[in-house]
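Per-entry structural report
Okay, here's what each chain looks like letter by letter:
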Amino acid sequence: MKKGVITTNPLRIRIPRTVEHVHNYGKISRYFRELAQHRVLATSCVNPKCLRPKTYLPPRADCPECWEPMEWKLVGSDGTKGKIATFSVVHYPGAGYEEDIKRVGSKLPSIIVYVEFPGADTKIMSRLENCDPKNVFIGMEVEARFWKNTAIRQRATHTCLDLYFVPA
Amino acid sequence: MLIEKPHVGKLARPVYFVAGGMTDFRKRHEMKAEELILQATRMAVLENHLKVDGVAKFKKRVSFGVYGQFADHFSDQLLFAAKAHDYLGWEPIGNIEIKTGGATGGSAIVAAVMAVASGLHDVVFVAGCEIMDEVSTRQGNNYIAHAACKDFEWRHSRSYTNYYNLMATDYMKLQKDRGFSKELLRTALSRVSVKNHHYAKFNPFAQAPADYSEEEVANSMPVTEPLRILDCCLMSVGAAVCIIASEEAAYQLTETPILIDGVGAGSDTLRTGDRLPRPVLLLPHENEEMYKNFTNWPGFTSFLATRYAAYVAYHMAGIQNPLEDFDLAETHDAFTISALQSYEDLGFRQYGMGHDFILSGDACFGGKLPENLSGGLIGCMHSVGATGIMQVIEIGWQLQNKWNHFHADPAIWARFGKEKPADFRSLQVPNAKRGVAVSHAGTGSHVTVHTLRRP
Ligand SMILES: [Zn+2]
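Residues numbered from 1 in each chain as written. Chains lettered and ligands numbered in written order. Predicted model: local features only at pLDDT ≥ 70, side-chain atom pairs only at ≥ 80, totals over all residues. Heavy atoms only, no water.

Naming follows an unreviewed UniProt entry, where chain B appears as Acetyl-CoA acetyltransferase of Candidatus Giovannonibacteria bacterium GW2011_GWB1_44_23.

Looking at an unreviewed UniProt entry, chain A carries the name ChsH2 C-terminal OB-fold domain-containing protein, with the source organism given as Candidatus Giovannonibacteria bacterium GW2011_GWB1_44_23.

So, the coordination of the zinc ion
All names here are of chain A. As a reminder, the rule being used: Donor atoms (N, O, S) are those found within 2.8 Å of the metal centre, with the cutoff raised to 3.2 Å for Na, K and Ca; water is not part of the atom list, so apparent gaps in a site can occur. Only four donors with every angle between 85 and 135 degrees are called tetrahedral; only four or six donors with opposite donors over 155 degrees apart and all others between 65 and 115 are called square planar or octahedral, in that order; all others are irregular. Counting from the N terminus, the helices are DSSP H or I runs at least four residues long and the strands are E runs at least two residues long. To sort residues, take the accessible area from a 1.4 Å probe on protein chains only and compare it with the maximum for the residue type: under 20% means buried, over 50% means exposed, and anything in between is partly exposed.
Within the protein, Cys45 (SG), Cys50 (SG), Cys63 (SG) and Cys66 (SG) serve as the donor atoms for the zinc ion, at 2.3 to 2.4 Å. Around the zinc ion sit four donor atoms, and with donor-metal-donor angles ranging over 103 to 113° the site reads as tetrahedral. All donors to the zinc ion come from one chain, and their sequence spacing reads C-x4-C-x12-C-x2-C. With a gap of 13 residues between them, Cys50 in the loop between strand E3 (39-44) and strand E4 (55-56) and Cys63 in the loop between E4 and strand E5 (71-77) connect regions that are remote in the sequence. For the pair Cys50 and Cys63, a shared accessibility class is recorded, and that class is buried.

A few points about the packing of aromatic side chains
All names here are of chain B. Defined as follows: Aromatic pairing here means that ring centres of Phe, Tyr or Trp (its six-membered ring) are within 6.5 Å. Orientation follows from the plane angle: under 30 degrees is stacked, over 60 is edge-to-face, and everything else is tilted. Our definition puts a charge over a ring when NZ of Lys or CZ of Arg is within 6 Å of the ring centre and also within 35 degrees of the ring normal.
According to the stated counting rule, one finds 30 aromatic pairs over all chains in the structure shown. With a centroid separation of 4.9 Å and an interplanar angle of 90°, the aromatic rings of Tyr160 and Tyr163 are classed as edge-to-face. With Tyr160 and Tyr163 both in helix H7 (residues 160-177) and three residues apart, this pair spans about one turn of that helix. Of the aromatic side chains, those joined through ring pairs into one cluster are Tyr160, Tyr163, Tyr164, Phe303 and Phe335. Taking the ring centre of Trp154 as reference, the NZ or CZ of Lys150 above it sits at 4.3 Å. Between the NZ or CZ atom of Lys420 and the centre of the ring of Phe424, over which it lies, the distance is 4.5 Å.

Description of the environment of Asp268 of chain B
Residues and elements named next belong to chain B. Quick reminder of the rule: For this analysis, residues touch if any pair of their heavy atoms sits within 4.5 Å. Any N or O atom pair separated by 3.5 Å or less is treated as a polar contact, with the protein-specific requirement of one donor-capable and one acceptor-capable atom, and with residues adjacent in sequence counted only for side-chain atom pairs.
Take Asp268: it is sitting in the loop between strand E8 (258-267) and helix H11 (304-317). Leave out the neighbours within four places in its chain, and Asp268 touches Arg275, Pro298, Leu304, Ala305, Gly444 and Ser445. Looking at Asp268, its side chain comes within polar contact range of the side chain of Arg275, at 3.4 Å.

Some remarks on the UniProt feature "domain: Thiolase C-terminal" (unreviewed entry) in chain B
Filter applied, for reference: UniProt positions are given in the numbering used here, feature names are shortened, and annotations may be inferred rather than shown by experiment.
Following the UniProt record, the feature "domain: Thiolase C-terminal" (unreviewed entry) maps to residues 292-403 of chain B here. Here residues 292-403 of chain B runs as 49% helix and 3% strand, with 43 Å between its end C-alpha atoms.

Dropping the structure here:
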């Protein structure tokens, strides 16, 4: 069979593709820049007229309630403690995940967690490291860690993978 | 965040389901999207005893098209609506393409209902399809996960099974705290899968007919624990088409028009973790007393969007108690866990008792409210853009008393290269009058609820 032909009837052919996207973090760019400095920033609505002022982590630049710009607020750094709101052990991820987490020294299976961070009203999805999947539970105390460490040549990925957690 | 009283709208004139048609659903198809849609359309128009003679006369009645395709990534064809529309020779009538993730099919029907109710169009053509076989399953999961927040969540697994599993873990914990054992819940999850694969056996359109045991489901390959491969929906290729019309046009086209008397659409934040606690939105048969201890609703355990859409549709249709008032339901069983959650959001059971809907047998044929007799997303298909349309068709056929016409005829099985099983049995619900179809996206970012009734 000819190269690139998968089946002849119906005729199915291979279309290889490599594409690069230039992703823009817009007004939440600061969040990812600060992650590389081992700081977790949330955003808070400070509009006195807001009917539902909250602190958002993941951050949003503008308040969904009153549509006013929010203010950045430092909520975490190395070792800040949070609690696991829920978790999931991933054995069979989507394509590209394993290569992606290799960049931050991680491998399957992954423990994906939603973490309640002190001071934030929403929960943030992250990864739990240094923990046997059998030992993770809802309510478990965890500590924030950051991937970038220049001393041991870790480079920030400027993605959500730069923040992870370990058991406290 | 908006609440408190949902806006319950009113259709400016009655809207009817006239006819439906589908292709069979498979992991991989020999036909292309537009070819599949044409096949499904032929079934809708030529095999439903319509009172118009042939394609040309039927086409004259239609003045608008609505197309559903979830992800351009999959088919690698943007503006798929144009390709399908002109393949069927509909030009120059107008059309729109709808995209709301897993709820695309349901949303396409919402658009068609709005077009007819407003008086803008008398007969609307609705078609949905998804070409999911151009990439590997792993890549497919990655594409679907592009429907999660790209900045904060997509990278954490690239798998919607995981996003649902995060909800499942919390749901199981909450239920355990309420005194229900892990084994009981696992049995309920397994039974959803067993039931839906089993009903798929009597559906010539279905992709995954099977008789699994509860143990086989519970011990199938772990995808993201506790969800196993048999807890997950299918990735399918196939098309579904239906015709929506005004009262006058519907009665001109068919002897058995079915009224669409409730249309609800709800939403919630894309990221599940962004959902803030709020009071439980009560359905007509519920009271505050039932949920006085609920402080974290909807949390990770419930779908506000489903509840909101159900609230609207039930109020429009005058549904007092869904369990009593409906004769059958098609729900969005993307995962066994979301089936249990949805039973509660839809009011088939009160919150915390979703498992009982399946364990009691109420969800089975012969039960109080047979659910997903098509096999649902786990047993029949999840060709995303077509899914919500397939559900409405299955309800429509049941209410038209046409289930046997489309499922029991050996010729239909043969058409799809299948043999009608020796142990075939009819799943036509006797004297079915009312049904409900639920279409669902994300981890509940969009949900539509349609109620259908025999006039
Ligand atoms: Zn505000």
